[in-house]
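# Residue-level structure breakdown
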Amino acid sequence: MSLKLRKLIVPAALALAFASNVHAADDTVRMGAVLSLTGANATVGEDVRRAVALAVEKVNAQGGVMGKKFDVVVEDSGGNPTTALNAARKLATVDKVPVVIGEYSSGITLPMAQYLVKEGVTHINIASTSVKVKDLGATSFNLIGLENLGNKFSAKDAWDLGYRNIALIAPNNAYGQGVAHGFRDEFEKLGGKVATELLYTAGQSTYRRELQQASRSNPDAYIYTAYGQESAVLNREAFELGLRQKPWYAILLSMSLSDTPANIANGQLGMEVGSVQGAVGKQYIDAFQAKYGQAPKTSYTGYAYDAVMLTAAAINKAKSTQPAAVQAALKNVGNNFAGVTGPISFDADRQRIDPPYAKLKYDGKVVPR
């Protein structure tokens, strides 16, 4: 083949390949998700990823979105704010998705979502409970109950269980500080006393010193919240130190016990954002069980599933993947939407109205109380 002919053919082949890739991309409508698939919250992240995959299957089985295949580009945050921010930047600028869901920890979600809002990309919060989520901006939507509601629910539940003088343990981050201060305020309004408030530094190999410090106040119960792998260390050492002779109550029970062995977790009480409700919720649990051979490990899977289904419905309604059009459609679709976590409606600030909560216990697994 002559050099001249090769010079003509190669660019033509590259152009054809590029056109084919563009065409393939045009045949798929995508949204994005940033999840903790590695790191301290990997168990929760993988659980949520499964829910996302199940929702994608459901959407495509119903005909896809705008007559095209639907997909979710999932990026791993590694449980790190910088990694999550880079993942969001990639989704917004390279994949050019109109909607991104996630992350999990409020300390990671907030900076990531602030970036997305600044870029005009739609953000849907599926797990973070910091009240600062409400202030993210006009392109951020929230599906889950935030700390102000969760603290009131958990404080009343703890009071009703007979706890009066408690030790409070939480991570020293945006989420943990919000829980600690909010729970204290609500519990003291009821007449309770927080004898010890311990905000621990995440990522330690041991928390024995902190636990021993908390035990010196001789509380009648320990109220705590912690992320999966850190919680496993806290729970094991509390068990070894004999602190489980007193009641342990977890705020967000499935999160706090996701990596704790059953023999140590058994008997713990707690609360959680509501998991699934009604016939739609049962269908979801049955489908999850059939696909993965086990039920969801945490309550957050239902919120991720609902976020994907909401997004698909909004894009279909908008007949567009332009973020502004999708955001307008989300407000319309989010009006008594039949979610697996219950009916979903947004208020004027794009916050879910009456988000569900549940009273739970650990009996071999997390079950209703």
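Here we summarise the structure given alongside this text. (Residues numbered from 1 in each chain as written. Predicted model: local features only at pLDDT ≥ 70, side-chain atom pairs only at ≥ 80, totals over all residues. Heavy atoms only, no water.)

## So, the packing of aromatic side chains
- Under the definition given, this model contains 14 aromatic pairs.
- Three or more aromatic residues joined by ring pairs make a cluster, and in this case those are Tyr104, Tyr175, Tyr227 and Tyr300.
- For the cation-ring pair, Arg89 lies above Tyr115, with the distance from its terminal atom to the ring centre recorded as 5.2 Å. (Phe/Tyr/Trp six-rings, centres within 6.5 Å; stacked < 30°, edge-to-face > 60°. Lys NZ or Arg CZ within 6 Å of the ring centre and 35° of its normal.)

## As for the sheet that holds strand S4 (residues 122–125)
- Pairing within the open sheet is parallel, and its 5 strands lie in the order S2-S1-S3-S4-S5. The strands lining the two open edges of the sheet, one partner per strand, are strand S2 (69–76) and strand S5 (140–142). Shown here is a sheet whose adjacent strand axes are inclined to one another by a mean of 25 degrees, direction ignored.
- Bridge count between strand S1 (residues 28–35) and S2: 8 bridges; the pairing is parallel. Of the residues in S2, the one forming a bridge with Thr28 is Lys69.
- Lying over the sheet, helix H2 (residues 42–61) contacts S1, S2 and strand S3 (99–102), oriented at roughly 170 degrees with respect to S2. (Pairing = 2+ DSSP bridges. Helix = DSSP H or I, 4+ residues; strand = E, 2+ residues; numbered from the N terminus. Axes fitted to C-alpha atoms, helices over the stretch in contact; angles between N-to-C directions. Contact = heavy atoms within 4.5 Å.)

## Quick look at empty space enclosed by the protein
- Inspection of every chain in the model, using the stated rule, returns 3 cavities of 30 Å³ or more.
- What lines the largest cavity is a set of 13 residues, and nearest its centre among them are Thr129, Glu147, Gly150, Ile251 and Leu252.
- Elements that contribute at least two residues to the lining of the largest cavity include exactly helix H5 (147–160), helix H6 (174–189) and strand S10 (269–273).
- The dominant element in the lining of the largest cavity, judged by the number of residues it contributes, is H5, at 3 residues.
- Looking at side-chain class alone, the lining of the largest cavity contains 8 nonpolar, 4 polar and 1 charged residues. (1 Å grid on protein atoms, 1.4 Å probe; cavity = no way out; pocket = protein on both sides within 12 Å on 5 of 7 lines; lining within 4 Å. Points joined across faces, edges and corners; volume = space filled by probe spheres on them. Nonpolar A, V, L, I, M, F, W, Y, C, P; charged D, E, K, R; others polar.)

## Section: the environment of Ala318
- Of note, Ala318 is situated in helix H12 (residues 300–318).
- Accessibility expressed as a relative area gives 23% for Ala318, which makes it partly exposed.
- Along the backbone, Ala318 and Gly150 are 168 residues apart, and their C-alpha atoms lie at a distance of 33 Å.
- Ignoring any residue separated from it by four or fewer positions in sequence, one finds Ala318 in contact with Ala325, Val326 and Ala329. (Buried < 20%, exposed > 50% of the residue type's maximum accessible area, 1.4 Å probe, protein only.)

## Details of the pairing of S3
- In S3, alternate side chains face the same way, and those of Val99 and Ile101 on one face and Val100 and Gly102 on the other are all buried.
- Alignment of S1 against S3, held across 3 bridges, turns out to be parallel. Among the inter-strand pairings, Ala33 is bridged to a residue of S3, identified as Ile101.

## So, the pattern of salt bridges
- Here the structure, examined in full by the defined rule, presents 15 salt bridges.
- The residue Glu75 makes a salt bridge to Lys90 at a minimum N-O spacing of 2.7 Å. On the criterion of sequence distance, the pair formed by Glu75 in strand S2 and Lys90 in helix H3 (residues 81–93) is long-range, its members being 15 residues apart.
- Under the relative-accessibility criterion, Glu75 is labelled buried at 19%.
- Among the salt bridges present, the one from Glu237 reaches Arg208, with a minimum N-O distance of 3.9 Å. With a gap of 29 residues between them, Glu237 in helix H8 (residues 228–240) and Arg208 in helix H7 (residues 208–215) connect regions that are remote in the sequence.
- A cluster of three or more residues bridged by salt bridges with shared partners is formed by Arg208, Arg236, Glu237 and Glu240. (Salt bridge = Lys/Arg side-chain N within 4 Å of Asp/Glu carboxyl O.)

## Quick look at helix H13 (residues 323–333)
- Regarding H13, the residues found buried are Val326, Gln327, Ala329, Leu330 and Val333. In a view along the axis of H13, the buried residues occupy a sector of 165 degrees, so they form one face of it. (Arc of directions from axis to C-beta.)

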